[in-house]
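# Survey of secondary and tertiary structure
Read off the chains here:
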Amino acid sequence: MGRRRRHREPGAQHQRLGDRESSGSHALVLPLVLTLAVTYAGLRDGAGLTLLDFTRGLPGGLVLACPEGPLAEQARGQGVQVVELRTRPLELRGGVIERLTAGRDLAGHGRDVRRLVRQVGPDLVVAWGTHTAIVAPAAAVASGQRPALLVRQEDFMPSPSAARLMRAAVARADRVSASSQAVARDLDPDGSLGDRLAVIPPGIHLSTYDAEWARAEDPEVLVLGALTPQNRPDLALEAAAR
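Residues numbered from 1 in each chain as written. Predicted model: local features only at pLDDT ≥ 70, side-chain atom pairs only at ≥ 80, totals over all residues. Heavy atoms only, no water.

### Notes on a nonpolar patch on the surface
On the surface, Ile204, Leu206 and Tyr209 cluster together into a nonpolar patch covering about 400 Å² of accessible area. Topologically, Tyr209 is positioned in the loop between strand 9 (197-199) and helix 8 (233-241). (Patch = residues over 30% accessible without salt bridge, like charges linked within 9 Å, V, L, I, M, F, W, Y side chains within 5 Å. Areas by Shrake-Rupley, 256 points an atom, 1.4 Å probe, with all protein chains shown as cover. Salt bridge = Lys/Arg side-chain N within 4 Å of Asp/Glu carboxyl O. Helix = DSSP H or I, 4+ residues; strand = E, 2+ residues; numbered from the N terminus.)

Take a look at the structure:
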């Protein structure tokens, strides 16, 4: 990302993070080149699975910070070191009370991320999703030597206020990744991010599909997802009609 890698003492190829109060896990063994991936949710949904696929190809070591849950369990099963974060509500929209609560939860998440950046000392921070991306720039500069910051956005902005916060945050990121052209346009409508923004669609595990399935005489089509305009259920119906 065009940044100088920070110097670590010769022979200090690993360091330990043993603050159980903040990590909620056993001491971590950290390699020379280290990525800290942080996500607000601990769900094993599409975004969570994409996170594990996305970070698997990064060089060096990986520490994943997320709430306890299915994502953390799968990451541990893949040999990833996991730091447990506090579980917080996902909502970023609603009435006055909901927005105040969301602001409080975001502030708490920001404190967690700042503490982790100082303790882990990563070379790269991957901020996965809207919540973490909003707080990550301030957390990155709070450390003695700022790590590179990559923001990954998987979905559309949940509200105008969240969009304003998110766009201000990604303006301070070194690189930004979006899951689709539509998400990229929603995140950066005026193109101000330039070549710092790249679209990387989620991969498909072809091994999970049987290529030898015979075509049914009267095929059925399942459209799975929320019935919202951005998901284009009308396009699915049009495709099925053909």
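### A closer look at the nonpolar core
With 33 residues, the main nonpolar core has Val151, Met166 and Val176 as its most contacted residues. The contact partners of Met166, leaving out residues within four places of it in the chain, are Thr130, Ala133, Ile134, Val151, Gln153, Met157 and Leu187. By size, the runner-up hydrophobic cluster in this structure holds 17 residues, among which are Val82, Trp128, Ala148 and Leu150. (Core = buried A, V, L, I, M, F, W, Y, C linked by side-chain atoms within 4.5 Å. Buried < 20%, exposed > 50% of the residue type's maximum accessible area, 1.4 Å probe, protein only. Contact = heavy atoms within 4.5 Å.)

### Some remarks on the confidence of the model for the protein
For residues with low pLDDT, the predicted coordinates do not support detailed interpretation. Per-residue confidence for the protein averages 80 on the pLDDT scale, and 80% of its residues sit at or above 70. Mean pLDDT values for the elements of the protein range from 39 in strand 1 (residues 15-17) up to 97 in strand 9. Every residue in residues 1-26 scores below 50 in pLDDT, and together they form 56 contacts with partners more than four places removed in sequence or on other chains. Predicted confidence is poor over residues 93-97, with pLDDT under 50, and the contacts of this stretch with residues over four places away or in other chains come to 4 contacts. (pLDDT = per-residue confidence, 0-100.)

### Some words on the packing of helix 5 (residues 130-141) against helix 6 (residues 160-170)
Where helix 5 contacts helix 6, the two axes come as close as 8 Å, and the packing angle between them is 50°. In terms of axis orientation, helix 5 runs oblique to helix 6. For the pair helix 5 and helix 6, the sense of crossing is left-handed. Here Thr130, Ala133, Ile134 and Pro137 of helix 5 come into contact with helix 6, specifically with Ala162, Leu165, Met166 and Ala169. Class assignment of the residues belonging to the contact of helix 5 with helix 6 gives a composition of 7 nonpolar, 1 polar and no charged. (Axes fitted to C-alpha atoms, helices over the stretch in contact; angles between N-to-C directions. Parallel < 35°, antiparallel > 145°, perpendicular 65-115°, else oblique. Left-handed = near helix turned anticlockwise from the far one by under 90°. Nonpolar A, V, L, I, M, F, W, Y, C, P; charged D, E, K, R; others polar.)

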